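A structural walkthrough
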Amino acid sequence: MALYINYASMNKLPKTPYKLLLFFCMQQKWRMFYLFLICILTGFIPTVDSIMLKNVIEEIEFLGVGETLGIFSSMGIWILGYALWWELINWSGRIYDYLYLKTMPKAKAQVLDTFYNYAQYHSHNFFQKNPVGDITNRITEGARSFEMIICITNEKIITKISITLTALFTLYFVHPVFALVFFAWICVFCSISVIFSGDIAKEYSVDYSRNKSKLAGNIVDTITNIASVRTFVNHIYERSYINRYITQGIDSETSMQWFIFKLRYVLGLTCTIMIFFMLYYASLLKAANKITVGDVALIITLCLAVADNIWDLMREVSDLLEEIGTFTQSLSIIEPYLLEDDENAKDLVVTEGRIDFNNVTFEYQYNNNIFAGKTVSIKGGQKVGLIGYSGSGKTTFVNLINRLYNIESGSITIDGVDIKNVTQDSLRNNISIIPQDPILFDRTIKENIGYAKIDATDEEIYRAAGLAHIHDEIMLMPEKYDTICGQRGTNLSGGQKKRIAIARAILKNAPILILDEATSALDGVTEELI
């Protein structure tokens, strides 16, 4: 079964954390519902357990001293019932584990697939603005935090709320005063939690998540550029640079944990007061013979169980808020696209291959106009060279033809068709680009060359490599075409990377070919042959 989510437009994904969480949950709504239902039913366990214990104690109380022969006849039903009850608890736990196993791995995969799929269609600006490590961290953390949000909500919060409500209902039937005191305490506890753990706690958690994401992004950036660190012997500087982000993370986490510490103390104090009144009033009622020893045991066990659960509830809420903060950070992945196909966009069909820049104006975010009213015409079948000093806009010219950016004014046409009016995929399918610095996947040479044509035969790949004058060198390698190129092609020389990129462009065989200093790493003889 496919993991991807079918939706008409990726831009229709919800842009708020709670709506997006609901969106992912609805992909497996019935399994999520059953998980939710089991957690509610689990909340009955402490109450039923206390009631069972109450009856066992009351039955034991009627046993005489030294009475051993008739124990099973008088206590057997409760002993057996209590044992079966615990086996039922065991079964419910395993059913939950089975549903979780069937639900959560696929749900996480859907989150990963959706975030990744959305990210890969962003414009060049997005990837220039966001470090690779930061993007990767937000995608993976988005899936992890989704699982933790569901886990904490179901197993911790929903279960504890169910425990509290069933305990309140049970205490009412023992004596209404216990239910009243218990309900008053719940109101005080929840009011304090809502007032102090709302926007304030969320602000702390979002700030902490943001700093954690920045730290991960900068570590990946430094490791990616480790060659530059070594070349300039800047290990100490990079350590101090990363330490700035570590310090920010420590400060934000300390602030968040200190806030939670103070909040937990106040909530714990309310638990202490509630237990005191419950025990005091239970003692008064027992002294007046208005409740039994079993009732006292029921009240004590319920109060302690619920107090312990409520005590942990705030910790779970803080963990939940932290995970929501992390998930919120991942929403930056699904920010609106800067480059989108027009609703009526058609596929580009190249006939002649004429490229026209018509009064084009373009600028980068922090630069003056790279092009101001630029008009250029390149006829089909021509071989045109662009010459200019570094930074004059040669690569930008190439990127604009490939529509990696939107221009401010004017138009760029191919065979008289404005590239804004055609689909981006069809535009790029008609253009082969060999970049200045070719970047290869950490895959085999065959996979890197064949990337231009996924269904290419081995013969087609070998032919393209031969035309790029790299085939003979590949055949001398121990693994031949199964040789792993390494990250960004680090296992190969600069010239080899260039020729593999050229072979890939040859295999694509698009009607428009653009070489951005594609032979700069080659010797003169090889360049002439190609």
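Details of the structure are given in the entry above.
This is a predicted model, so every value here is computed, not measured. (Residues numbered from 1 in each chain as written. Predicted model: local features only at pLDDT ≥ 70, side-chain atom pairs only at ≥ 80, totals over all residues. Heavy atoms only, no water.)

**As for the pairing of strand β3 (residues 409–414)**
Every regular strand shows the same layout, with side chains that alternate between the two sheet faces. Where strand β1 (residues 355–363) lies against β3, five bridges are found, and the strand directions are antiparallel. Bridge pairing in β3 links Thr361 to Ser409. Here two bridges tie β3 to strand β4 (residues 417–418), and the two strands are oriented antiparallel to one another. Its bridge partner being in β4, Ile414 is matched across the sheet by Val417. Linking β3 to β4, which pair antiparallel, is a turn of two residues; within it Asp415 sits at a positive phi near 55°. (Pairing = 2+ DSSP bridges. Helix = DSSP H or I, 4+ residues; strand = E, 2+ residues; numbered from the N terminus.)

**A look at the pattern of salt bridges**
The tally for this structure, following the rule as stated, stands at eight salt bridges. Note that Lys108 is salt-bridged to Glu147, the shortest N-O span being 3.1 Å. Here Lys108, found in helix α4 (residues 71–119), pairs with Glu147, found in helix α6 (residues 132–174); they are 39 residues apart in sequence, far enough to count as distant. Taking relative accessible area as the criterion, Glu147 reaches 16% and is therefore assigned buried. One salt bridge connects Glu473 with Arg499, and the closest N-O pair in it is separated by 2.6 Å. Within this pair, whereas Glu473 is found in helix α16 (residues 471–476), its partner Arg499 is found in helix α17 (residues 494–508), the two being separated by 26 residues in sequence. The exposure class assigned to Arg499 is buried, which follows from its relative accessible area of 9%. Look at the salt bridges and you will find they share partners, linking Glu141, Arg144 and Glu323 into a network. (Salt bridge = Lys/Arg side-chain N within 4 Å of Asp/Glu carboxyl O. Buried < 20%, exposed > 50% of the residue type's maximum accessible area, 1.4 Å probe, protein only.)

**So, a nonpolar patch on the surface**
The grouping of Tyr265, Val266, Leu269, Ile273, Phe276, Phe277, Tyr280 and Leu284 at the surface amounts to a nonpolar patch, some 830 Å² of accessible area in total. Following the sequence through the fold, Phe277 ends up in helix α10 (residues 235–287). (Patch = residues over 30% accessible without salt bridge, like charges linked within 9 Å, V, L, I, M, F, W, Y side chains within 5 Å. Areas by Shrake-Rupley, 256 points an atom, 1.4 Å probe, with all protein chains shown as cover.)

**Some thoughts on the nonpolar core**
Counting 70 residues, the largest nonpolar core has Leu20, Phe115, Phe146, Phe182, Trp185 and Phe327 as its most contacted members. Looking at this core, the elements with two or more residues in it are α1 (17–26), α2 (29–42), α4, α6, α7 (176–196), α10 and α11 (293–330). Discounting residues that sit within four places of it in the chain, Trp185 has contacts with Thr270, Cys271, Met274, Val306, Ala307 and Ile310. Residues Phe362, Ile401, Tyr405 and Ile414 belong to the second largest nonpolar core, which totals 23 residues. (Core = buried A, V, L, I, M, F, W, Y, C linked by side-chain atoms within 4.5 Å. Contact = heavy atoms within 4.5 Å.)

**Section: the side chain of Thr159**
Take Thr159: it is sitting in helix α6. Those residues in contact with Thr159, other than ones at most four positions away along the chain, are Cys39, Thr42, Gly43 and Asn154.

**Observations concerning empty space enclosed by the protein**
One pass over the full model with this rule turns up two cavities of 30 Å³ or more. Considered as a void within the structure, the largest cavity measures approximately 60 Å³ in volume. Considering the residues around the largest cavity, the lining is formed by Leu400, Arg403, Tyr405, Asn406, Ile407, Gly410, Ser411, Ile412, Asp418, Ile419 and Lys420. Ranked by residues supplied to the lining of the largest cavity, first place goes to β3 with three residues. Residues of the lining of the largest cavity, tallied by class, amount to five nonpolar, three polar and three charged. Taken as a whole, the second largest cavity encloses approximately 30 Å³ of empty space. The residue makeup of the lining of the second largest cavity, split by class, is three nonpolar, two polar and two charged. (1 Å grid on protein atoms, 1.4 Å probe; cavity = no way out; pocket = protein on both sides within 12 Å on 5 of 7 lines; lining within 4 Å. Points joined across faces, edges and corners; volume = space filled by probe spheres on them. Nonpolar A, V, L, I, M, F, W, Y, C, P; charged D, E, K, R; others polar.)

**Here's the deal with α2**
With 14 residues, α2 extends 20 Å between its outermost C-alpha atoms, agreeing within 8% with the 20 Å of an ideal straight helix rising 1.5 Å per residue. For α2, the full list of buried residues reads Met32, Leu35, Ile38 and Cys39. Projected down its long axis, α2 carries its buried residues within an arc of 125°, all on one side. (Expected span 1.5 Å × (residues − 1). Arc of directions from axis to C-beta.)

**Some points on the packing of aromatic side chains**
Per the counting criterion, the structure on display carries 21 aromatic pairs. When the centroid spacing of 5.7 Å and the interplanar angle of 85° are considered together, the rings of Tyr172 and Phe173 count as edge-to-face. For Tyr172, a relative accessible area of 48% corresponds to the partly exposed category. Joined through ring pairs, the aromatic side chains of Phe23, Phe24, Phe115, Phe146 and Phe327 make up one cluster. (Phe/Tyr/Trp six-rings, centres within 6.5 Å; stacked < 30°, edge-to-face > 60°.)

**Considerations on a negative patch on the surface**
There is a patch of like negative charges on the surface, built from Glu340, Asp341, Asp342, Glu343, Asp347 and Asp425. Assignment of secondary structure puts Glu340 in the loop between α11 and β1. (Lys, Arg positive; Asp, Glu negative; His and termini not counted. Charge placed at Lys NZ, Arg CZ, Asp CG, Glu CD.)

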